[in-house]
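Overview (structure and organization)
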Amino acid sequence: MNDSKKDIVAIASESAKTLAAAVTAAGLVDTLQGEGPFTVFAPTDAAFAAIQKDVDNLLKPENKAKLADILTYHVVSGKTLAAGLHDGQELTTVQGGKLKVAIKEGKVMIGDAHVTMADVAASNGVVHVIDKVLMPKM
């Protein structure tokens, strides 16, 4: 799945269908298809399924701004590969919040989510797959 000709949205629509649907509902497709580069921490479909009630609520048109806030909390400007992350690092998200990086025994965590697949190349950045949906302080 390491096809750097595909942009971040194309990769998400293949492997993270809920994320792709959420990006569309939030009106962020054009942004994430932009030049970037972006680093996206992409929750799996299972991560979204774990909070399905919240997801169903967030996908309603009246919650578009809140959904956009949550999604942009998973995006960092620039291309940060796993090798560029270090324990204790803080990443500033496009949403404006901060994500804390923890590396213990070779396992990388972003906030309270584990990185399950790192460094998926995209034409406009890189995707790291995570096992939880990260929630910014609202």
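Provided above is the structure to which this section pertains.
Overview of the structure. (Residues numbered from 1 in each chain as written. Predicted model: local features only at pLDDT ≥ 70, side-chain atom pairs only at ≥ 80, totals over all residues. Heavy atoms only, no water.)

Focus on the overall build of the protein chain
Across its full length, the protein chain carries 6 helices and 7 strands. The helix and strand sequence of the protein chain, counted from the amino end, reads α-α-α-β-α-α-α-β-β-β-β-β-β. Scaling as 2.2 N^0.38, a compact globule of 138 residues should have a C-alpha radius of gyration of about 14 Å, and the protein chain matches this with 14 Å. Its C-alpha atoms put the protein chain at 40 × 30 × 25 Å along the principal axes. (Helix = DSSP H or I, 4+ residues; strand = E, 2+ residues; numbered from the N terminus. Rg over C-alpha atoms; globule rule 2.2 N^0.38 Å.)

Examining the nonpolar core
Counting residues in each nonpolar core, the largest one holds 28 residues, and the members touching the most others are L19 and L71. Excluding its chain neighbours within four sequence positions, the residues that come into contact with L19 are A12, A42, P43, D45, F48 and L71. Counting 13 residues, the second largest nonpolar core, distinct from the first, contains Y73, V76, I110 and V115. (Core = buried A, V, L, I, M, F, W, Y, C linked by side-chain atoms within 4.5 Å. Buried < 20%, exposed > 50% of the residue type's maximum accessible area, 1.4 Å probe, protein only. Contact = heavy atoms within 4.5 Å.)

In short, geometric facts, not functional conclusions.
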